[in-house]
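Chain and residue survey
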Amino acid sequence: LLVATLPKAALPEMRGVTIGGQVPAEYVADTIGKSWAVVIGIDEYIHLPRLSYAVTDAKAVASMLARQGFEVSPFYDKQANRRAVLRELGRDLFTKVRKEDRLLVFFAGHGEMQQVPGGKPMGFLLPVDGEQDLLAGTAISMSLIRDLALSLPAKQILFLIDVCYGGIAGRRFRSLTPVTEEYIQLITREPARQLITAGGPGQKALEGPEWGHSVFSYYLLEGLDKGFADLNSDGIIPATELFEYLNQRVYSAAELRGHIQRPELWVLTADSGEFVFIPESTPSRRQEPQIAK
């Protein structure tokens with residue numbers, strides 16, 4: 001795996017970049033087919049401890065994505081059983097998604113890792129009926145998620161996983177690339193299979209009333225809904241730029257509470273594309289929020 005090397009400062013502003021006479025947001029919008037989203041949030045587990053904000057997080061993300069033009073399929077609590085989620089990801093999406101489309105999958109709930117002696121760690125997402133001591137039969141493995149991502153025809157796919165763990169088959173993001181006309185053309189032309197987790201293995205995903213969300217979802221919403229993740233003010237937010245924003249804010253908020261939580265970005269294929277958001281607002285029109293204390 002490649003170790004991430006992240007810039008500490010915000011990106012230089014790139015408002016002057018155009019592609020064929022279009023500003024980046026207009027150009028990217030013209031390259032996107034239909035936008036699909038599967039949003040999963042689970043508080044009330046059958047066999048696992050209850051969570052407090054997973055459903056709140058998922059509903060807020062679903063509303064945000066709907067405002068940005070996504071067609072959202074939500075699964076909350078008992079709706080998010082293993083059979084229903086796999087039916088959506090492994091069957092229904094194949095009948096809807098086309099090769100020019102993009103897909104976002106958001107998951108807020110429990111995650112687990114399983115370490116086999118002498119083998120590689122395996123990551124799992126726990127549906128509402130998942131059992132901690134029977135992961136293979138009741139959970140959804142990250143290897144299955146990767147296989148589905150490779151099989152779906154969408155041009156760009158992004159997983160936003162509000163869980164801290166590893167066991168992901170891919171390579172880590174290394175560093176941000178300067179935004180140029182050629183770069184924007186490349187990331188919108190090429191396929192993308194990307195995955196952002198709330199933190200790494202052994203870390204705790206924080207949630208609390210000071211945010212009204214998990215810390216990851218709080219800054220995800222701030223970054224995308226309010227445009228604060230547009231670090232270079234060019235009107236678009238590629239997944240790598242979103243990750244850099246989350247990395248800075250989530251890590252700082254966790255550190256204030258004596259915890260370590262650092263999001264991770266994984267690339268599941270060798271393709272050079274990126275999932276790109278077009279926020280409705282930008283930092284130039286809003287005041288940057290302070291870290292919640």
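Above this text sits the structure in question.
Residues numbered from 1 in each chain as written. Predicted model: local features only at pLDDT ≥ 70, side-chain atom pairs only at ≥ 80, totals over all residues. Heavy atoms only, no water.

A word on the nonpolar core. Generally speaking, nonpolar side chains in soluble globular proteins are found buried as a group. The biggest cluster of nonpolar side chains holds 81 residues, and the ones touching the most others in it are Leu104, Leu242 and Phe277. Per-element tally for this core: the top contributor is helix H8 (residues 239-256), with 8 residues. Leucine 242 has contacts with Leu160, Ile196, Leu220, Leu224, Ala229, Ile237 and Phe277, leaving out every residue within four places of it along the chain. Val17, Val179, Ile184 and Ile236 belong to the second-largest nonpolar core, a separate cluster that totals 11 residues. (Core = buried A, V, L, I, M, F, W, Y, C linked by side-chain atoms within 4.5 Å. Buried < 20%, exposed > 50% of the residue type's maximum accessible area, 1.4 Å probe, protein only. Helix = DSSP H or I, 4+ residues; strand = E, 2+ residues; numbered from the N terminus. Contact = heavy atoms within 4.5 Å.)

Turning to the environment of arginine 189, a few remarks are in order. Tracing the backbone shows arginine 189 in helix H6 (residues 181-189). Considering only alpha carbons, one finds arginine 189 and lysine 155, 34 residues apart in sequence, at a separation of 8.6 Å.

Let us now look at the pattern of salt bridges. The tally for this structure, following the rule as stated, stands at 8 salt bridges. Salt-bridge contacts for glutamate 71 lead to lysine 34; the nearest nitrogen and oxygen are separated by 3.0 Å. Of this pair, glutamate 71 sits in strand E2 (residues 71-76) while lysine 34 sits in the loop between helix H1 (24-31) and strand E1 (35-41), and the two are 37 residues apart along the sequence. (Salt bridge = Lys/Arg side-chain N within 4 Å of Asp/Glu carboxyl O.)

Within a pair of aromatic rings, the relevant descriptors are the distance that separates the centres and the angle that separates the planes. Per the counting criterion, the structure on display carries 3 aromatic pairs. Pairing tyrosine 218 with tyrosine 219 gives two aromatic rings, centres 4.8 Å apart and planes at 90 degrees, and the pair type is edge-to-face. The buried category is assigned to tyrosine 219, whose relative accessible area is 1%. Taking the centre distance of 5.1 Å and the plane angle of 50 degrees together, the rings of phenylalanine 275 and phenylalanine 277 count as tilted. Pair check on accessibility: phenylalanine 275 and phenylalanine 277 agree, each one buried. What links up through ring pairs into an aromatic cluster is the set Phe70, Phe275 and Phe277. The positively charged end of arginine 262 is found above the aromatic ring belonging to tyrosine 251, 3.9 Å away from the centroid. (Phe/Tyr/Trp six-rings, centres within 6.5 Å; stacked < 30°, edge-to-face > 60°. Lys NZ or Arg CZ within 6 Å of the ring centre and 35° of its normal.)

For the rest of this paragraph, the subject is the packing of helix H2 (residues 54-67) against helix H7 (residues 215-225). Direction vectors running N to C along H2 and H7 enclose 10 degrees, while the axes themselves pass 10 Å from each other. The angle between H2 and H7 falls in the class roughly parallel. Contacts between H2 and H7 involve Asp57, Ala60, Val61, Met64 and Arg67 from the first element and Ser217, Leu220, Leu221, Leu224 and Asp225 from the second. Of the residues contributing to the contact of H2 with H7, the split by class is 6 nonpolar, 1 polar and 3 charged. (Axes fitted to C-alpha atoms, helices over the stretch in contact; angles between N-to-C directions. Parallel < 35°, antiparallel > 145°, perpendicular 65-115°, else oblique. Nonpolar A, V, L, I, M, F, W, Y, C, P; charged D, E, K, R; others polar.)

Within strand E7 (residues 156-164), 9 of the 9 residues are buried, which leaves the element mostly enclosed by the surrounding structure. Two elements, E7 and strand E9 (residues 192-199), share 7 bridges in a ladder whose sense is parallel. Of the residues in E9, the one forming a bridge with leucine 158 is glutamine 194. (Pairing = 2+ DSSP bridges.)

Our focus in this paragraph is the side chain of threonine 138. Locating threonine 138 in the fold gives a position in helix H4 (residues 135-138). A polar atom in the side chain of threonine 138 sits 2.8 Å from the backbone nitrogen of glutamate 131. (Polar contact = N/O pair within 3.5 Å; in protein donor to acceptor, adjacent residues only side chain to side chain.)

The subject of this paragraph is helix H3 (residues 82-96). Given a rise of 1.5 Å per residue, 15 residues ought to cover 21 Å, and the 20 Å separating the end C-alpha atoms of H3 matches this to within 8%. Along H3, the largest kink reaches about 40 degrees and is centred on glutamate 88. Looking only at H3, the buried set comprises Ala84, Val85, Glu88, Leu89 and Leu93. In this structure, the buried side of H3 is in contact with E1, E2, strand E3 (102-108), strand E6 (140-141) and helix H5 (142-151). Its side-chain oxygen placed 3.2 Å from the backbone nitrogen of arginine 83, asparagine 81 serves as the N-cap of H3. (Expected span 1.5 Å × (residues − 1). Bend = angle between axes of the 7 residues up to and from the residue.)

Burial runs high along E1: 7 of the 7 residues are buried. Of the two faces of E1, both are covered, the one formed by Ser35, Ala37, Val39 and Gly41 as well as the one formed by Trp36, Val38 and Ile40. By the bridge criterion, 7 bridges tie E1 to E3 in an arrangement that is parallel. Its bridge partner being in E3, valine 39 is matched across the sheet by phenylalanine 106. Across 6 bridges, E1 lies against E2 in parallel orientation. Looking across to E2, one finds that alanine 37 is bridged to valine 72. On the question of chirality, the crossover connecting E1 to the parallel E2 by way of H2 is right-handed. (Right-handed = clockwise from strand over helix to strand, strands pointing away.)

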